[in-house]
Amino acid sequence: MINIKLPDGAVRSFGDPISIHNVAKNISTSLAKNTISGIVNGEYKDASFIIEEDCELKIITIKDGEALDIIRHSTAHLLAMAVKELYPDIQVTIGPVIEHGFYYDFSCEKPFIDADLALIEKKMHELAKQNIAVNRKEMSRDDAIKYFASINEKYKVEIISSIPSDNTISLYEQGDFVDLCRGPHVPNTSFLKAFKLMKLAGAYWRGDATNEMLQRIYGTAWLNQADLDNYINMLIEAEKRDHRKIAKQLSLFHLQDEAPGMVFWHPNGWQLWQIIEQYIREMYIKHGYLEVRTPQLVDRVLWERSGHWDKFRNDMFSIETDDRQYAIKPMNCPCHVQIFKQGLTSYRQLPIRLAEFGSCHRNEASGALHGIMRTRNFTQDDGHIFCTEDQIQMEVMNFIDMLFEVYAKFGLTQIAVKLSTRPKERIGSDDIWDKAEQSLANALNEKKLAFEIMQGEGAFYGPKIEFEVKDCIGRSWTTGSVQLDFSMPVRLGAEYVSEDGSKKHPVMLHRAICGSLERFIGILIEHHAGKFPLWLAPVQVSILNISEKQAKYAMEVQKHLHDMGYRCKIDTSNEKIGYKIRHWTLQKVPFLLIIGDNEMANQSVTIRRLDGVDLGVFKVTDVHKTFIGEVP
RNA sequence: GCCCAAGUAGCUCAGUCGGUAGAGCACUCCCUUGGUAAGGGAGAGGUCGCCAGUUCAAUUCUGGUCGUGGGCACCA
């Protein structure tokens, strides 16, 4: 007798081993019809899985969220099957589930073109409708290798060959198409309805640039058509808030061919920049940082000493003049160390926190450039803390507090935290790395922050904590980071006099909150969709007169607001009020002041908020009170 | 750097199956002085990314190149 306990606590008993599908059937025919798979004692299994002993079972149907990944994975297989039917010579590689969908990488002589996507998608729908059964088979590793070799799928052979030889391999078969897979999958292709192929891309085999470039097809798949439609609409909406698009509309900045990856800031964008920079500067003061400024060009020897030349020389811009070779600084740290090294520093002075709005140049790979998110010239809100080992944890914790204070001010709340550990190529002993990684983890735990460990992703001189924010279509960008560095002070000879009079090397913390100001502004543009809060808005108020008669009065109002410290523009153009309101609303100015004969007669203005709400008539001397609560 | 796609007016885009291009908005001028998201008229504006090749003729075809977009790789 097999007893199967269901999520509601009910137990069903069966005399013989029974498939999940048949358990569902035993409950109701309609349940069986919708069953995609099951979770047996916490493990995902196919609907065809035969239960042989007592267990807990959750049946997953088309309505359960758990079904989503299975559907996506099965859709990836459907994609591969369609591709094989259309282009038998193409080799399949891997096709995992990703956020919102899946991809599948193919190896082919001739890359796909956009037109192929529609063709392939059509084929997928045809196959899905044929209600093709998806069956699991098991094979020994060696038989699996023989099998895939026999059908000439060399990538599959390569994958299986890396699995230990005593393992059993599971394969999934649908029609003539067989793929190596752990599963589970939908019972048949008719469950796959709401999907769409999204885009083509190149991708290296096993993510290694020295390998062959494969052809990747990205797709999205959902439980139902409504979810798919929602997702597509979300993407359309997200596209509207792309920082590059809004920057054009609001004239914030532009980029042009002659300066790839370098930004021309327009008056509005530069205003925004200045506000942010000034705010960060105030935070420096509040948190005990000293602001400095260091050279743009520094002799190559300093970069050799720091170790950067060795690792990054190809990505550095350099200049040769008077028989000396300089690099345009790709980072500020070695320069800050030079400032630390001036004079003799006592342990009593530590920690010393130096900060700079440091403009750096890196010759990033052409394909890496992305609007102002990834540029060749960027400005870091860079800071370096020189401290003793005992002070590390406290400094890291204080930094984390400062970072979250800043992000909250900008309205950024969805922050992913990652701890990156020692990479393959690194300097410094394992002892030091152990200590460094541990102290960062301690600080995070102390702050009760959930974080993900990124194995091997640390900088070559030390581990780091990274803070990531997402852009409007879900791409993650690193903004803040704090990196621990025991090496650079040694390499560059930074020392302090310790309590016992001996000289010691300080520990160095590299830290940034915005990361790159360019990137941070890009994120802010998308986060606010260009509708900045009052304190950030490049233009806070626009003054609009109804007709020429009130032009002079409008200018008086403008002067009053200027004197109060507001950034305001006046529009006395020969246009109707409706036109002006439309114009300045599209410019996303937080407040519009409307002035006609009525307002002029009693020294007042009518205030219209960006969202269209008419706030009513206010005395000119009271206008600023309306802005209170919006942080002037 | 690699794979794919598209570079046309300030912006968003159409177009030329090879005969030097068009719309809307924006801009300039005129009329209109109008009360909460586009009043009307006229005008100006383009070496069709750049360099070659084929051709009587190239914005259109071919090759290269530069920058951009989507991915991959990279990200001190």
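Above this note sits the structure.
Residues numbered from 1 in each chain as written. Chains lettered and ligands numbered in written order. Predicted model: local features only at pLDDT ≥ 70, side-chain atom pairs only at ≥ 80, totals over all residues. Heavy atoms only, no water.

Points about helix α12 (residues 333-341)
As a reminder, the rule being used: Throughout, exposure labels follow a simple rule: accessible area from a 1.4 Å probe, protein chains only, divided by the maximum for the residue type, with under 20% read as buried, over 50% as exposed, and the rest as partly exposed. To qualify as a helix, a DSSP run of H or I must reach at least 4 residues; to qualify as a strand, a run of E must reach at least 2; elements of each kind are numbered from the N terminus.
Three or more residues of α12 are buried, namely Cys333, Pro334, Cys335, His336, Val337 and Phe340. Downstream of α12 by a residue or two, Gly343 has a phi angle that is positive, lying close to 75 degrees.

Concerning the sheet that holds strand β11 (residues 134-140)
Stated formally: A pair of strands counts as paired when DSSP detects no fewer than two bridges linking them. To define axes, lines are fitted to C-alpha atoms, for helices over the stretch in contact only, and angles between the resulting N-to-C directions are given on a 0 to 180 degree scale. In this description, contact between two residues means that some pair of their heavy atoms is separated by no more than 4.5 Å.
Taken in spatial order, the 3 strands make up an open sheet running β11-β12-β13, and their pairing is antiparallel. The sheet is open, and its two borders are formed by β11 and β13 (177-180), each paired with just one other strand. Averaged over all adjacent pairs, the angle separating strand axes in this sheet is 30 degrees, with direction ignored. Most of the contacts of helix α3 (residues 67-86) go to β13, to which it runs at about 135 degrees, and overall it touches β12 (168-174) and β13.

Examining the protein's contact with RNA strand B
Defined as follows: Nearness here has a simple test: a residue counts as near a molecule or strand if at least one of its heavy atoms is within 4 Å of that partner. What qualifies as a polar contact is a pair of N or O atoms within 3.5 Å, subject to a donor-acceptor requirement within protein and to the restriction that residues adjacent in sequence count only when both atoms come from side chains. Note on residue classes: Ala, Val, Leu, Ile, Met, Phe, Trp, Tyr, Cys and Pro are nonpolar, Asp, Glu, Lys and Arg are charged, and everything else, Gly too, is polar.
With respect to spatial proximity, 59 residues lie near RNA strand B, and among them Tyr204, Met331, Ile546, Asn574 and Arg582 are the closest. When atoms of RNA strand B within 4 Å of the protein are split into backbone and base, the sugar-phosphate part holds 51%. Measuring from a base nitrogen of RNA strand B, one finds a backbone N or O atom of Ile546 at 2.5 Å. Contact distances for RNA strand B include 2.7 Å between a base nitrogen and a side-chain N or O atom of Glu599. Those elements that place two or more of their residues in the surface near RNA strand B are β14 (194-204), β15 (213-222), α8 (243-249), α11 (308-312), α18 (577-586), α19 (597-601) and β34 (604-609). If one sorts the elements of the surface near RNA strand B by residue count, α18 sits on top with 7 residues. The class makeup of the residues in the surface near RNA strand B is 25 nonpolar, 17 polar and 17 charged.

A few points about the packing of aromatic side chains
The condition is simple: Two rings belonging to Phe, Tyr or Trp (six-membered ring only in the last case) form a pair when the distance between their centres is within 6.5 Å. Interplanar angles under 30 degrees mark stacking, angles over 60 mark edge-to-face geometry, and anything in between is tilted.
Within this structure, the stated rule accounts for 24 aromatic pairs. Between Tyr87 and Phe112 the ring centres are 5.9 Å apart and the planes differ by 65 degrees, which places this aromatic pair in the edge-to-face class. Of this pair, Tyr87 sits in the loop between α3 and β8 (91-92) while Phe112 sits in the loop between β10 (101-107) and α4 (114-129), placing them 25 residues apart in sequence. Relative accessible area serves as the criterion here: at 7%, Phe112 is assigned to the buried category. Each ring, one from Tyr566 and one from Phe627, has its centre 5.0 Å from the other, and the planes form 75 degrees; the classification is edge-to-face. Taken together, the positions of Tyr566 in the loop between α17 (551-564) and β32 (568-571) and Phe627 in helix α20 (residues 623-627) put the pair 61 residues apart, joining distant regions of the chain. In this pair, the class of Tyr566 matches that of Phe627, namely buried.

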